[in-house]
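# Descriptive structure summary
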Amino acid sequence: MARGSTRPTSRDVAQAAGVSQAAVSLVLGDKWRGRVAEATAERVREAARDLGYRPNLAARNLRLGRTRTVLLVVPALTTEFFAGVYTGAARVAAEHGFGVVLYPSPEGIGPARDPFASAQAALDGVIASSMAADALTAIRGEALPLVMLDSDPDGSLGAATVNLDIADGVRQAAEHLLSLGHRSFLHLAADVPSWTFEIRARELAARLDEVPGTSLRTARSPISIVGAVTAAEAALSAPGARPTAVICDDDQLAAGTYKAARRLGLRIPDDLSVTGVDDLALATAMDPELTTVHLNAELFGERGMRALLAVLEDRTPEEGDIPVQLVLRGSTAPPHQP
């Protein structure tokens, strides 16, 4: 580094990595593929990290005519899941000299006020959860480069769609409960008009339809523990044979089901097996700990940001849904035999 300089320059990075400044610009601008060897690119990134190098974004933005700012639109931050999505997106953004502004829709789901005087002037692109899609209208986000998360790939507003393999997660939960011997099910469904919840209901019904002798009831609840207690208690005390397993769309709904079960004098998992989706910290705070589908929120955010970068550079985003995994804990067991 030059004497008297307190901030490393691209020349310092080039010298440390043994490459030209042009190569440093290509690598740190994520335009190196096909022009710089992968090993060389990694050497440049490592040198930049070691030196603490940060690009002069003000100068770069003037050249590119960009703000290098991305808006992440999510439902209200009621759980840590979307905080994880932000962490993943911001990590990838920082690697490419972008910043991420988090915009939780104030009412959770529905229209939201434009946080900028003009979104098009202030932003380079938008990453949005399908659960907060209505907020895009207010911020005119659909007029910007847009990546949708958890959205129907056949009807998405976005230039790209990034999904978790939520259908497989539901199948894993159903297969597990069926293998334990359960045949009478309650689906505690999130009362949210979103593709991600529609696909859960569809896949669950389809899988159970394949097994003779199964029954499935559905009860709907807002995504809250209080709402889930009310919905689950009503469904579990309804006339007729009580379900032996409850498949919940979300860990908060599972927590509400636990409380409803205790009010009704039911033991988990002896009298009632319960599964969730998300694998929030809440899942291991419950007693017994919750069997639930683990969703990698940070990887979800990373993939969303990488997809937006690809759209901005006219590249094809990575394809394929992000795998999910059922985590077996103490809330599921074979049905109690009277």
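Looking at an unreviewed UniProt entry, one finds the protein chain named DNA-binding LacI/PurR family transcriptional regulator, with Streptomyces paradoxus as its source organism.

### Section: the environment of Val70
Within the secondary structure layout, Val70 lies in strand 1 (residues 69–74). Judged by its relative accessible area of 0%, Val70 falls in the buried class. Separated by 54 residues in the primary sequence, Val70 and Asp124 have C-alpha atoms spaced 5.8 Å apart.

### What to know about the sheet that holds strand 9 (residues 273–278)
Strand order across the open sheet formed by six strands is 7-6-8-9-10-11, with mixed pairing between neighbours. The open sheet has two edge strands with one neighbour each: strand 7 (215–221) and strand 11 (325–327). The average undirected angle you get between the axes of adjacent strands in this sheet is 20°. Where strand 10 (residues 291–294) meets strand 11, three bridges bridge the pair, whose relative direction is antiparallel. Each residue of the ladder has a partner; that of Val293, found in strand 11, is Leu326. Against the sheet, helix 11 (residues 251–263) contacts strand 6 (184–190), strand 7, strand 8 (245–248), strand 9 and strand 10, and its axis sits at roughly 155° relative to strand 9.

### Things to note about the confidence of the model for the protein chain
Per-chain confidence: the protein chain averages 85 in pLDDT, with 83% of residues scoring 70 or above. Segment residues 1–5: pLDDT under 50, and four contacts once partners within four positions in sequence are set aside and those in other chains are kept. In this model residues 108–121 is a low-confidence stretch, pLDDT under 50, and it forms 39 contacts with partners more than four residues away in sequence or in other chains.

### Some words on the sheet that holds strand 1
Backbone-to-backbone hydrogen bonds join strands into a sheet, with any given pair of strands oriented parallel or antiparallel. If you walk across this open sheet you meet the five strands as 2-1-3-4-5, and the pairing is parallel. Where the open sheet ends on each side, the last strands, each with one partner, are strand 2 (99–104) and strand 5 (160–162). Looking at each pair of strands side by side, their axes are set apart by 20° on average, direction ignored. Two elements, strand 1 and strand 2, share six bridges in a ladder whose sense is parallel. Bridging from a neighbouring strand, Val70 pairs with Val100 of strand 2. Helix-sheet contacts for helix 5 (residues 81–95) involve strand 1, strand 2, strand 3 (125–129) and strand 4 (146–149), and the interaxial angle to strand 2 is about 160°. Packing of helix 13 (residues 297–312) onto the sheet brings it into contact with strand 1, strand 2, strand 3, strand 4 and strand 5, and relative to strand 4 it is tilted by some 155°.

### Thoughts on the pattern of salt bridges
Counting across every chain of the model gives 14 salt bridges. A salt bridge links Arg91 to Glu298; the nearest nitrogen and oxygen atoms lie 2.6 Å apart. You can see Arg91 sitting in helix 5 and its partner Glu298 sitting in helix 13, a full 207 residues away along the chain. The exposure class assigned to Arg91 is partly exposed, which follows from its relative accessible area of 33%. In this structure, Arg263 and Glu233 form a salt bridge, with 3.3 Å as the shortest nitrogen-oxygen distance. One end of the pair, Arg263, is in helix 11; the other, Glu233, is in helix 10 (residues 225–236), and 30 residues separate them in sequence. Given the relative accessible area of 56%, Arg263 is considered exposed.

The rules behind the values
Residues numbered from 1 in each chain as written. Predicted model: local features only at pLDDT ≥ 70, side-chain atom pairs only at ≥ 80, totals over all residues. Heavy atoms only, no water. Helix = DSSP H or I, 4+ residues; strand = E, 2+ residues; numbered from the N terminus. Buried < 20%, exposed > 50% of the residue type's maximum accessible area, 1.4 Å probe, protein only. Pairing = 2+ DSSP bridges. Axes fitted to C-alpha atoms, helices over the stretch in contact; angles between N-to-C directions. Contact = heavy atoms within 4.5 Å. pLDDT = per-residue confidence, 0-100. Salt bridge = Lys/Arg side-chain N within 4 Å of Asp/Glu carboxyl O.

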